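Notes for the structure review
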Amino acid sequence: QVQLVESGGGLVQPGGSLRLSCEASRTSGSIFSVLTMGWYRQASGKQRELVATISNIGRTNYRDSVKGRFTISRANAENTVFLQMNSLKPEDTAVYYCNVEVQFTTYRYVYWGQGTQVTVSS
């Protein structure tokens, strides 16, 4: 019913920047509204962890290690969430997953993107 398409990952040197995007698009006739949107990441051999979230009224939440370096934002008209990542560090290397909570007529559902690799290395 809803598909998430991520883009923007890649290889960057320490101190560099990347911008991730994730668009939620309808794949069936169901009408929905997008609630909380967020980004998670999973480094090799580690558990998936929350990076940042943004509510449908713009309230944001970040993990401590990215505060001041990452900025989450959203374009509600396009059902798209962004993650601007500055001052990247090698420890930011991970697969980044988009996470979107969707409200349908009678229920809510959480969707995950396919993941995009971010590698920070010199």
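Preceding this paragraph is the structure being described.
First, a word on scope: everything that follows refers to the structure included in this document. (Residues numbered from 1 in each chain as written. Predicted model: local features only at pLDDT ≥ 70, side-chain atom pairs only at ≥ 80, totals over all residues. Heavy atoms only, no water.)

1. Some points on the overall build of the protein chain
Scanning the protein chain for helices and strands turns up zero helices and eleven strands. Its helices and strands in sequence order give the protein chain the pattern β-β-β-β-β-β-β-β-β-β-β, from N to C terminus. Computed over C-alpha atoms, the radius of gyration of the protein chain comes to 14 Å, within 12% of the 14 Å expected from 2.2 N^0.38 for 122 residues, which places it in the range of a compact globule. Its C-alpha atoms put the protein chain at 45 × 25 × 25 Å along the principal axes. Residues counted as buried form 42% of the 122 residues belonging to the protein chain. Taking contacts inside the protein chain between residues at least 6 apart in sequence as the whole, the part at least 24 apart equals 54%. (Helix = DSSP H or I, 4+ residues; strand = E, 2+ residues; numbered from the N terminus. Rg over C-alpha atoms; globule rule 2.2 N^0.38 Å. Buried < 20%, exposed > 50% of the residue type's maximum accessible area, 1.4 Å probe, protein only. Contact = heavy atoms within 4.5 Å.)

2. Topic: the state of the cysteines
Here the structure, examined in full by the defined rule, presents one disulfide. A sulfur-sulfur separation of 2.1 Å characterises the disulfide bridge that pairs C22 with C98. Judged by the sign of its S-S torsion, about -80 degrees, the cystine formed by C22 and C98 is left-handed. Taken together, the positions of C22 in strand β3 (residues 18-26) and C98 in strand β9 (residues 94-103) put the pair 76 residues apart, joining distant regions of the chain. The pair C22 / C98 is uniform in exposure class, with both members buried. (Disulfide = S-S within 2.5 Å.)

3. Here's the deal with the nonpolar core
In this structure, W39, L83, M85 and Y96 are the most contacted members of the largest nonpolar core, which totals 31 residues. The set of elements that each furnish at least two residues to this core consists of β1 (2-7), β3, β4 (33-42), β5 (49-54), β7 (70-75), β8 (80-85), β9 and β11 (116-120). It is β9 that contributes the most residues to this core, five residues altogether. Once you skip the residues sitting within four places of it in the chain, L83 turns out to touch L18, R19, L20, W39, V51, A52, F70, T71, I72 and Y96. (Core = buried A, V, L, I, M, F, W, Y, C linked by side-chain atoms within 4.5 Å.)

4. Topic: the pairing of β3
Here β1 pairs with β3 via six bridges, running antiparallel. Within β3, the residue paired with E6 across the bridge is C22. (Pairing = 2+ DSSP bridges.)

5. Description of the sheet that holds β1
Read across the sheet, four strands follow the order β1-β3-β8-β7 without closing on themselves; strand pairing throughout is antiparallel. Each edge of the sheet is formed by a strand with only one pairing partner; in this case those strands are β1 and β7. Averaged over all adjacent pairs, the angle separating strand axes in this sheet is 15 degrees, with direction ignored. The pairing of β3 with β8 spans six bridges and is classified as antiparallel. Paired with C22 across the two strands is V81, which belongs to β8. (Axes fitted to C-alpha atoms, helices over the stretch in contact; angles between N-to-C directions.)

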